[in-house]
Amino acid sequence: MLIKVEKLTKSYAGQTVFSDLNLEMTKGEIMSLVGPSGCGKTTFLRCIAGLSFSTSGSIYVNDVNITNSKADERPVVLMFQQPLLFPHLTILENVTYGLKYGKNKSKKQERIERGLAILEKVELAALSGRYPNQLSGGQQQRVALARALILNPDLLLLDEPFSSLDPSLRSSIRSWVRDFLKKEGVTALFVTHDREEAMMMGDRIAVMKEGIFQQIGSPKDVYQQPKSPQVAEMFSEGLVMEGFFLSPDHLTLRPKTSLKAADTEAFDATVEYKILKYGHTFYHVYVHALEQRVVVLSNHEFLDGEQVELCYKRISLQTYNKNHPVDEGKSSKKLSR
Ligand SMILES: Nc1ncnc2c1ncn2[C@@H]1O[C@H](COP(=O)(O)OP(=O)(O)OP(=O)(O)O)[C@@H](O)[C@H]1O
Ligand SMILES: [Mg+2]
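Residues numbered from 1 in each chain as written. Chains lettered and ligands numbered in written order. Predicted model: local features only at pLDDT ≥ 70, side-chain atom pairs only at ≥ 80, totals over all residues. Heavy atoms only, no water.

Draft legend 1. Spotlight on the pattern of salt bridges. Evaluation of the coordinates by the stated rule reveals 17 salt bridges. With a shortest N-O distance of 3.1 Å, Glu-197 and Arg-174 are connected by a salt bridge. Of this pair, Glu-197 sits in helix 6 (residues 195-201) while Arg-174 sits in helix 5 (residues 167-184), and the two are 23 residues apart along the sequence. Exposure remark for Glu-197: the relative accessible area of 1% places this residue in the buried category. With a relative accessible area of 8%, Arg-174 lands in the buried category. The salt bridge partner of Glu-237 is Arg-195, with a shortest N-O separation of 2.9 Å. Of this pair, Glu-237 sits in the loop between helix 8 (229-235) and strand 11 (239-240) while Arg-195 is found in helix 6, placing the two residues 42 residues apart along the sequence. (Salt bridge = Lys/Arg side-chain N within 4 Å of Asp/Glu carboxyl O. Helix = DSSP H or I, 4+ residues; strand = E, 2+ residues; numbered from the N terminus. Buried < 20%, exposed > 50% of the residue type's maximum accessible area, 1.4 Å probe, protein only.)

As structure tokens, then:
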């Protein structure tokens, strides 16, 4: 295991942020970490980076216990939401700054060579003499990535690195970064608020809520077989019910007047609006009984505000996957609340 986190607990002044978290990642793996605001994602990364110390539990990187090591002694680099580049230093000077001091200290010529080599990799060598304010937001993020990777960390932690970028730039840079990390074999733990980004970036996804990992699994597992209503609410695009879950591909819309088939159940719903996507019409509908919104593909024409029935076959009701095989979090105790 490249990283192994065991029973990590963090409290501030007696207030528990998270407790008994377990996590393992293999070398080269990218893990997305998602969860609602304030659930402890940043705190978890800070504990792994050594910017904050856990209250109890252990952290191992390559079988070395780093739980009590100082931040600059850990083979871990944390990359923040904002690139935080030094405005008065050139791109090359920014990238090589971490090679001037501490355990990575190296001579000037070597710094320049390594800096240019890593800028070449992030496709910014031609801009090495510029200052940060002469770069676009996406280029600045790539500089921040180069500055982190020049330290050759065993583990890269990224805390919502793309959230300050506008949506189109964000989607292009995230696929670029994923390809880059995979090509370089970097192990990365990546925090995001964005469900789509989590699925696109992560080989696996860890869903954090209420101070525990609710589920850790592949994007497909988390999406199609949520382990709890909490995971389904955050990840699935279907309907979340107590004890059951309906995945969106099992839902159909029909006008309210139709006759009922024996094997089919329906919820009353209201069409809110439709959107055209990938050549199909998707209806956003509100399901009154569940107070939930869901998006359903349909070939029928419905009007905004129309009362409809949202149908599903009884057989397609799924129970939550409580015995999820890849789960590493402590969950069952708290989930029953
Ligand atoms: N230094 C601190 N002292 C006391 N409480 C703190 C401190 N830092 C964070 N907290 C609390 O710990 C909890 C988790 O915060 P954290 O920043 O880890 O959340 P997050 O999941 O990263 O949220 P977001 O998605 O908004 O970034 C919050 O309730 C926060 O108020
Ligand atoms: Mg945060």
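Draft legend 2. Representation of the layout of surface pockets within the structure. Its boundaries defined by the atoms lining it, the largest pocket holds a volume of some 760 Å³. In this structure, the largest pocket is lined by 26 residues; those nearest its centre are Val-76, Val-77, Leu-78, Gly-98 and Leu-151. Elements with a minimum of two residues in the lining of the largest pocket: strand 6 (76-79) and helix 4 (137-149). At four residues, strand 6 tops the list of elements feeding residues into the lining of the largest pocket. Partitioning the lining of the largest pocket into residue classes produces 18 nonpolar, four polar and four charged. Within this model, the second largest pocket holds a volume of roughly 530 Å³. Forming the boundary of the second largest pocket are 16 residues, of which Tyr-223, Glu-237, Lys-277, Phe-282 and Val-295 lie nearest the centre. The set of elements that each furnish at least two residues to the lining of the second largest pocket consists of helix 6, strand 14 (264-277), strand 15 (280-287) and strand 16 (292-297). (1 Å grid on protein atoms, 1.4 Å probe; cavity = no way out; pocket = protein on both sides within 12 Å on 5 of 7 lines; lining within 4 Å. Points joined across faces, edges and corners; volume = space filled by probe spheres on them. Nonpolar A, V, L, I, M, F, W, Y, C, P; charged D, E, K, R; others polar.)

Draft legend 3. Inspection of the packing of aromatic side chains at higher detail. Counted by the stated rule, this structure contains nine aromatic pairs. Summarising the aromatic geometry, the rings of Phe-18 and Phe-44 are spaced 5.7 Å apart at their centres and angled 85 degrees between planes, so their arrangement reads as edge-to-face. On the criterion of sequence distance, the pair formed by Phe-18 in strand 2 (residues 15-25) and Phe-44 in helix 1 (residues 41-49) is long-range, its members being 26 residues apart. Taken as a pair, Phe-18 and Phe-44 share a single burial class, namely buried. Summarising the aromatic geometry, the rings of Tyr-283 and Phe-302 are spaced 5.3 Å apart at their centres and angled 85 degrees between planes, so their arrangement reads as edge-to-face. In this pair, Tyr-283 sits in strand 15 while Phe-302 sits in the loop between strand 16 and strand 17 (307-313), placing the two residues 19 residues apart along the sequence. Residue classification places Tyr-283 among the buried residues on the basis of a relative accessible area of 0%. Members of the aromatic cluster, each reached through a chain of ring pairs, are Phe-18, Phe-44 and Phe-213. When the ring centre of Trp-176 is taken as origin, the NZ or CZ atom of Arg-142, which lies over that ring, is 5.2 Å away. (Phe/Tyr/Trp six-rings, centres within 6.5 Å; stacked < 30°, edge-to-face > 60°. Lys NZ or Arg CZ within 6 Å of the ring centre and 35° of its normal.)

Draft legend 4. Broad picture of the sheet that holds strand 13 (residues 252-255). The strand order 13-17-14-15-16 describes an open sheet built from five strands, whose pairing is antiparallel. At either end of the open sheet lies a strand with only one pairing partner, and these are strand 13 and strand 16. Strand-to-strand twist in this sheet, taken as the mean axis angle between neighbours without regard to direction, amounts to 45 degrees. Across seven bridges, strand 14 lies against strand 17 in antiparallel orientation. Its bridge partner being in strand 17, Asp-268 is matched across the sheet by Glu-309. (Pairing = 2+ DSSP bridges. Axes fitted to C-alpha atoms, helices over the stretch in contact; angles between N-to-C directions.)

Draft legend 5. Fine view of the site of ligand 1. Lining the immediate surroundings of ligand 1 are Tyr-12, Val-17, Pro-36, Ser-37, Gly-38, Cys-39, Gly-40, Lys-41, Thr-42, Thr-43, Glu-160 and His-193. One of the backbone N or O atoms of Cys-39 is found 3.2 Å from an oxygen atom in ligand 1. Separating an oxygen atom of ligand 1 from a side-chain N or O atom of Thr-43 is a distance of 2.5 Å. Contact with the protein chains hides 55% of the accessible area of ligand 1, taken as 640 Å² for the molecule alone. Tallying contributions element by element places helix 1 first for the shell around ligand 1, with three residues. For the shell around ligand 1, a count of residues per class yields four nonpolar, six polar and two charged. (Near = heavy atom within 4 Å. Polar contact = N/O pair within 3.5 Å; in protein donor to acceptor, adjacent residues only side chain to side chain. Areas by Shrake-Rupley, 256 points an atom, 1.4 Å probe, with all protein chains shown as cover.)

Draft legend 6. Inspection of the environment of Ala-126 at higher detail. Mapped onto the elements of the fold, Ala-126 is located in the loop between helix 3 (108-121) and helix 4. Accessibility expressed as a relative area gives 80% for Ala-126, which makes it exposed. For the pair Ala-126 and Lys-209, spaced 83 residues apart in sequence, the C-alpha to C-alpha distance is 43 Å.

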